[in-house]
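Descriptive structure summary
Residue-level listing of the chains:
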Amino acid sequence: MHPQRKKRLHLILFLVVGVGIAVGLLAYSLSQNINLFQTPTQIAAGEVPVGQTIRAGGLVVAGSVERDSDGLGVTFKVTDGAAEVSIFYDGILPDLFREGQGIVALGKLDDKRVLQASEVLAKHDENYMPPEVQDALEQAHKDGKQAMTEKAY
Amino acid sequence: MFDLYGDTLTTAPEFGQLALILAFVVAVIQSVIPFVGVQRRDALLMSWSRPLAAAQALFLTVSLVVLGYCFVIDDFSVTYVATNSNTALPTPYKISAVWGAHEGSLLLWVTMLGLWGLAVAWFSKGLPLIMLARVIGVLGIVSAGFILFTLETSNPFARTLPSIPPEGGDLNPLLQDFGLIVHPPTLYMGYVGLSVVFAFAIAALLGGRLDAAWARWSRPWTTAAWVFLTIGIALGSWWAYYELGWGGWWFWDPVENASLMPWLVATALLHSLAVTEKRGLFKSWTVLLAIFAFSLSLLGTFLVRSGVLTSVHAFASDPERGVFILALLGLCVGGSLLIYALKAPTVASVGRYEWLSKESFLMANNLLLLVAAFAILLGTLYPLIIDFMGMGKISVGAAWFNTMFVPLSVALTLIIGVGALSRWKADQASRLKNELILAAVLALVVGGLSPFLADGSLNWQVMMGVGISVWLIAISLVDIWKKTRGNLLRFGSLSLSFQGMVLAHIGVAVSVIGVTMVANYSQEESVRMAPGDSYVMSGYRFEFVEAGHIDGPNYSSDATRFRVFDGDREIALLQPEKRRYHARGSVMTEAAIDAGLFRDVYVSMGEPLEDGAWGMRLQVKPFMRWVWLGAIFMSIGGLLAMLDKRYRQVKRASSDVQKSGEVPA
């Protein structure tokens, strides 16, 4: 084979193998590792199957934070204005976790439909609202208004 | 008109603004005159390049210094100062607050661009005037675009007249820290340094001459930018580790990914440039890499700073900035790819190589690095794309990035040493066989035993991680052995670029060992503890001595004191804090760390519980320092390679090139 062509063939082979491996790994792992955000309304409506890893978030409901008397376990509720969901977390909460603050938790729903969180996030800025939570609040607000108008008619 | 405010109002911000406008004017001239000179083959016009680059650097520096001055004198009439500083803020943090938010970071970015331009003008005595003019011209275009962006959408000197706030809003407490004084400027030096490499590539394309001389001019600049990027990323990781309070050192956060992508592509570029310089191959590919590296660094700086990457809504909330950034990015990438498409076909490579050759290994290295960068790009942008299409809000977890990145890194670590050891053009397996068998045996033995030495149980990941590192180190040592003819002590007499390469490669192995050990053997417990309590974890006893209160300059904190014992021996007295910053009322966790070469002991405070108890996070992280130690090795390696005397002989080499004349564009 002409050396120039042979070299080009090398290049193409390398590219094909590289891209092939990349696409294979991508397809496999993207399907495993994407965590969909679910609003409290969606969870309360039973749209989320038990045992699936999701992200859920909302505003921490005032007066809902209960700590275990021993250990670090803590249970609290978050709301999007329309529905509430209970979250249990065994660990150290972030610095900016407090009542009324928007948070996002990563975890799975258990049989009692309590979110067993493996991670709780509150961004390091008191003005910051996680964008998902902001959206969930707006959505719930909009739905609420719509329901009211529908009733009025 | 300033009488109204008496002596309280200075005109400093106006001077800063004026300097910035002048810098813009100079940048516009700089992006026109040199090209006109090149077009007319007018040496006088081309010789304007150096003074123009110097003038631009001067005006930008003045502008940045003025902004710093506004911070130091607490000029809260400047909106940016009022938002990001406070009279109680210690002076070093007032200065670092200059780059604490979007507007100031942009000013720092363009100032560094100006300084890199100055450096090119300074260190380019051997560069043909026509090449220099093109390089400075391209830098002028980039600079003009970004100064305009700063002035139009993100002016740091904008005032809040007439109502001047009596007190500023304070710097984000997370940023009040040594790491954040040095991390952003270093990282920016890296990002911006890639613009020089980009300018060289575009200049070479415009001249239609992608030759060994071009590659030799580009190499030290690429290495310089790469060294800054390496240090910047390592500093960022170190800062996150001790400042965010939970002991993680890499989160696959969009901001981190944005710095890792240009690093990966710049690493590929370093190696591809070597092939172009030594063998005259991969030319078009090298140019493309230079374009990609710079584009990714633009994406990194601006998309992250403007908040686009964290959320589509940040984009929507400030459409002017977002659109401007997209336009600039489109111009840079689109324009340079257009030039590439028009010019690249004229620069065909010459030369050939066999399957088993340095060229093949370097090509494999490039592909692996590029695939890694592409995967990270996809993972970072994917949630954004899905959100834009209204398909829901997803996040791509760290697990995904690990699945992608780890196999690629393993493959890369396996070929690094072999590539370095093999010869250009063609090599024989029989020549390398003995050395490779020796290294493989060492790797299998040390790697195979390592998990049993660590905790006595089988662990494939540790075997793999340690094994490939030993493999790489062994091959590197064999390489030195051969080059010094069996006298390792003569290492210092070898060429600086070889020393640098070996050191950087060993650095990779050191980092891989660090990552492997930290990922597999870190111990972490969150426990409820009251003063007097003790907790034993992985051989260490943590004793909660007392809790107290500390007042800082602009914060007050709850502090606890811990004694850490290894058996009966006290090894550390640690004092973690929980700080509340007065101005914003925000709370920060200050971890206390006892660092060591083979393990870090890390204690941080969670929340206060009843009866004086605290939620405490205790961690033991083996080989943590190795992750960054490897980055230090790589940086020193890069520095050595940059200082190789080959690059100081550019004068002779380039005058040869001049004789051969310019290929008509």
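Quick note: structure is the one above.
Residues numbered from 1 in each chain as written. Chains lettered and ligands numbered in written order. Predicted model: local features only at pLDDT ≥ 70, side-chain atom pairs only at ≥ 80, totals over all residues. Heavy atoms only, no water.

1. Brief notes about unusual backbone geometry
Generally, phi is negative for residues other than glycine and the peptide bonds are trans, each holding for most cases. Residues and elements named next belong to chain B. The condition that has to hold: Helix and strand assignments follow DSSP, with helices taken as H or I runs no shorter than four residues and strands as E runs no shorter than two, numbered in order from the N terminus.
With phi around 55°, W252 is a residue other than glycine that occupies positive phi space. Checked against the element boundaries, W252 lands in the loop between α10 (212–243) and α11 (254–279). Not every positive phi belongs to a glycine, and D611 is a case in point at roughly 60°.

2. A word on the packing of aromatic side chains
Residue and element names in this part refer to chain B. For clarity, the cut-off: Paired rings are identified among Phe, Tyr and Trp, the last through its six-membered ring, by centres lying within 6.5 Å, and are further divided according to the angle between planes into stacked (under 30 degrees), edge-to-face (over 60) and tilted (the rest). Working definition: with a 1.4 Å probe on protein chains only, accessible area under 20% of the residue-type maximum means buried, over 50% means exposed, and in between means partly exposed. For a ring to carry a charge above it, either NZ of a lysine or CZ of an arginine must fall within 6 Å of the ring centroid while also lying within 35 degrees of the normal to the ring plane.
Within this structure, the stated rule accounts for 21 aromatic pairs over all chains. Between W252 and F405 the ring centres are 5.3 Å apart and the planes differ by 65°, which places this aromatic pair in the edge-to-face class. Within this pair, whereas W252 is found in the loop between α10 and α11, its partner F405 is found in helix α16 (residues 398–421), the two being separated by 153 residues in sequence. Consider the rings of Y555 and Y581, whose centres lie 5.2 Å apart with planes at 50°: the pair is tilted. Of the two residues, Y555 sits in strand β5 (residues 555–566) while Y581 sits in strand β7 (residues 577–581), which places them 26 residues apart along the sequence. The exposure class assigned to Y555 is buried, which follows from its relative accessible area of 12%. Aromatic rings pair up to connect W250, W252, W400, F401 and F405 into one cluster. The ring of W122 has K125 sitting right over it, with the charged end atom 5.6 Å from the ring centre.

3. What about the interface of chain B and chain A?
In plain terms, the rule: The contact definition used throughout considers only heavy atoms, calling two residues in contact when any of these lie within 4.5 Å. By definition, the buried area sums, over both parts, the 1.4 Å-probe accessible area that each loses when the two are put together. Salt bridges, as used here, are contacts in which a Lys or Arg side-chain nitrogen is within 4 Å of a carboxyl oxygen on Asp or Glu. In the analysis that follows, any N or O atom pair within 3.5 Å is treated as a polar contact, provided that within protein one partner can donate a hydrogen and the other can accept it, and provided that, for residues neighboring in sequence, both atoms belong to side chains. All residues other than Ala, Val, Leu, Ile, Met, Phe, Trp, Tyr, Cys, Pro, Asp, Glu, Lys and Arg, Gly among them, are scored as polar; the first ten of these are nonpolar and the last four charged. Between any two strands, pairing holds if DSSP finds at least two bridges.
Chain B puts 46 residues into the contact, and the matching count from chain A is 37 residues. Counting the surface lost from both chain B and chain A, the interface buries some 3,800 Å², and carbon and sulfur atoms represent 63% of this. It is W355, K393 and E607 of chain B in chain B that bury the most area against chain A; as a group they hold 17% of the surface buried on that side. Taken together, chain B and chain A are joined by one salt bridge. With its nearest N and O atoms 2.6 Å apart, the salt bridge here joins E607 of chain B to R67 of chain A. One can count three residue pairs in polar contact (both at pLDDT 80 or more) joining chain B with chain A. At the level of secondary structure, the elements contributing two or more residues to the side of chain B that touches chain A comprise α15 (358–388), β1 (394–396), α16, β2 (523–529), β8 (587–590), β10 (599–608) and β11 (614–622) of chain B. Counting residues per element, the side of chain B that touches chain A draws most heavily on α15 of chain B, at eight residues. Tallied by class, the residues present in the side of chain B that touches chain A amount to 21 nonpolar, 16 polar and nine charged. In this structure, strand β1 (residues 34–38) of chain A lies alongside β1 of chain B, joined through three bridges in antiparallel fashion. Paired with L36 of chain A across the strands is I394 of chain B, a residue of β1 of chain B.

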